[in-house]
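# Topology and contacts: notes
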Amino acid sequence: MHCVRKVTDDLYWVGANDYRTELFENIHPIPEGVSYNSYVLLDEKTVLFDCVDWSVCRTFLENLAHVLKDRPLDYLVINHLEPDHAASIAEVLLRHPETTVISNEKGFMFMRQFGFDVDGRMDTVKEGDTRCFGKHTVTFLFAQMVHWPEAMVTFDTTNGVLFSADAFGSFGNLGGKLFDDEVNFDRDWIDNARRYFTNIVGKYGPFVQQLLAKAKTAPIKMFCPLHGPVWRTNLGYYIDKHDKWSRYIPEENGVMIVYASMYGNTESAAQALASRLCDRGITNVKVYDVSKTHVSYLVSEAFKYSHIILASVTYNLNIYPVMEDFLHHLKVLNLSKRVFGIIENGSWAIKSGTLMEQYIDENLKDCRIINSRVTINSSGNRSNEDEMDELADAIVKSVAEEEKVLEAGEKAVAEAAAQAEQKAALKKMSAKERMALRLAKRRAEQS
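Right, let's walk through the structure included here. Keep in mind that what you see is a predicted model, and the values were worked out from it rather than measured.

## Structural notes on the sheet that holds strand β10 (residues 100-103)
- Strands sit in the order β1-β2-β7-β8-β9-β10-β11 across an open sheet of seven strands; the sheet is mixed. The open sheet has two edge strands with one neighbour each: β1 (5-8) and β11 (122-124). Going from strand to strand, the sheet's axes swing by 25 degrees on average, the running direction of each strand aside.
- Note that β1 and strand β2 (residues 11-13) share three bridges and pair antiparallel.

Below, the structure written as structure tokens:
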């Protein structure tokens, strides 16, 4: 049975939800599933924008057939070749030998690598190229390394829809709801969206910034991503989230405490610190057991919070393995601009604190380590009380300082955005209107 949603008068969602796959990319848990989005435009020519994962191919083909009815499929636009979107290309082309495939040079290279026979039906586009399908004209903007090298986005200049590939996506199934204004995003989706971005795209922040800069030049009215809800309201909210994540700016000024504990003693120290912070008025605190929390969730929270406290036992004269794995993920995903605190534990030859500090110094850019390390010998006791209080006080002070930094940064971004809007407005004015505006400004300054 088909399951489609109308996006605009002549654009339809023909994707599918996957509730069965347990691990996205066979590594990231997706307990709430994931959607694979695909869209069909019914213009003078029919156009399919991207395909879906093999796991939902049957549903996708039923949806496509329902929307097309007896019409041919004239074009297939492939923005991204990752198999969770491209695996069904062969099935589409088998059923529609009349279809011309539109992609870029690297995209066609990947199609051949994956074994798709597209020779004789290729239309290769470059940055800024356009194609007209009737009423609708689209332009193609390259989005290299967001998050594959062939990735591009397609902007419909007629209705303002951006087919954004893996940009602006999210984990989570849609459950019938397609649009951002049909869900409570802050309550039900933001954690999935952050975990998707930080683990899938997080490494490529500078490339996301390049795409955001391109997006600002286009009058976008809607995001149609390949995962998660379609955005048709409050686009600025979601752009701001991606701007922060891709610049590695903390989303919130708060404290994430991550502990690695063998027998509970390091855990006790982590909980004691959390209590001290709350006593001092810092209640935006989250505590995680690194051994029981999948690293994708820890990465997401690390991108969210300004302060990260690492509490680790020493293991074989090294950092506890799962804590070291967490740090490795922060490194490869380019996390930066965070404040760290250290709690170390061991019964002899305590090394974890020094090794964690060394790892941060050598691998994480623009990070600061609070100079109030807590060292525990086997289990915490009265001798550690002063150290713990000193660390808590240092964190409180740092959180207050970071609040000022974040506020200053937000003000600077807002001012820059206002200046950009003013410049854009000036460009639209005639020379006479600009002159009148300057004269009015001078009179106001003189009065």
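## Examining the packing of helix α10 (residues 295-304) against helix α11 (residues 321-332)
- Interhelical geometry of α10 versus α11 gives an angle of 55 degrees and a closest axis separation of 10 Å. Put simply, α10 runs oblique to α11. Viewed along their axes, α10 and α11 form a crossing whose handedness is right-handed. Where α10 approaches α11, its residues Val 295, Leu 298, Val 299 and Ala 302 are matched on the opposing element by Asp 325, Phe 326, His 329 and Leu 330.

## Some thoughts on helix α9 (residues 265-279)
- Spanning 15 residues, α9 covers 21 Å between terminal C-alpha atoms, matching the ideal 21 Å at 1.5 Å per step.
- The set of residues buried in α9 consists of Thr 266, Ala 269, Ala 270, Leu 273, Ala 274, Arg 276 and Leu 277. Viewed end-on, α9 has its buried residues packed into an arc of 160 degrees, placing them on one side of the element.
- The positive-phi residue at the C-terminal boundary of α9 is Gly 281, with phi of around 95 degrees.

Procedures and definitions
- Here, residues in each chain are numbered from 1, in the same order as that chain's written sequence.
- In keeping with the model being predicted, local features are shown solely for residues with a pLDDT of at least 70 and side-chain atom pairs are shown and tallied solely at 80 or more, while totals for entire chains, interfaces and linings include all residues.
- Based on all heavy atoms of the structure, the side-chain values leave hydrogens and waters out of the count.
- Think of it this way: DSSP has to see at least two bridges between two strands before they count as a pair.
- Every helix listed is a DSSP run of H or I at least four residues long, and every strand listed is a run of E at least two residues long, numbered separately from the N terminus.
- Axis definition: a line fitted to C-alpha atoms, over the contacting stretch in the case of helices. Angles run 0 to 180 degrees between N-to-C directions.
- Here roughly perpendicular refers to angles of 65 to 115 degrees, roughly parallel to angles under 35, roughly antiparallel to angles over 145, and oblique to all remaining angles.
- Helix crossings get a hand from a simple test, with the near helix turned counterclockwise from the far one by less than a right angle marking a left-handed crossing and a clockwise turn marking a right-handed one.
- Whether two residues are in contact is decided by their heavy atoms: any pair within 4.5 Å suffices.
- How far a helix is expected to stretch is found by multiplying one less than its residue total by 1.5 Å.
- Throughout this description, buried means an accessible area under 20% of the type-specific maximum (1.4 Å probe, protein chains only), exposed means over 50%, and partly exposed covers the range between.
- This arc describes the spread of directions from the helix axis toward the C-beta atoms.

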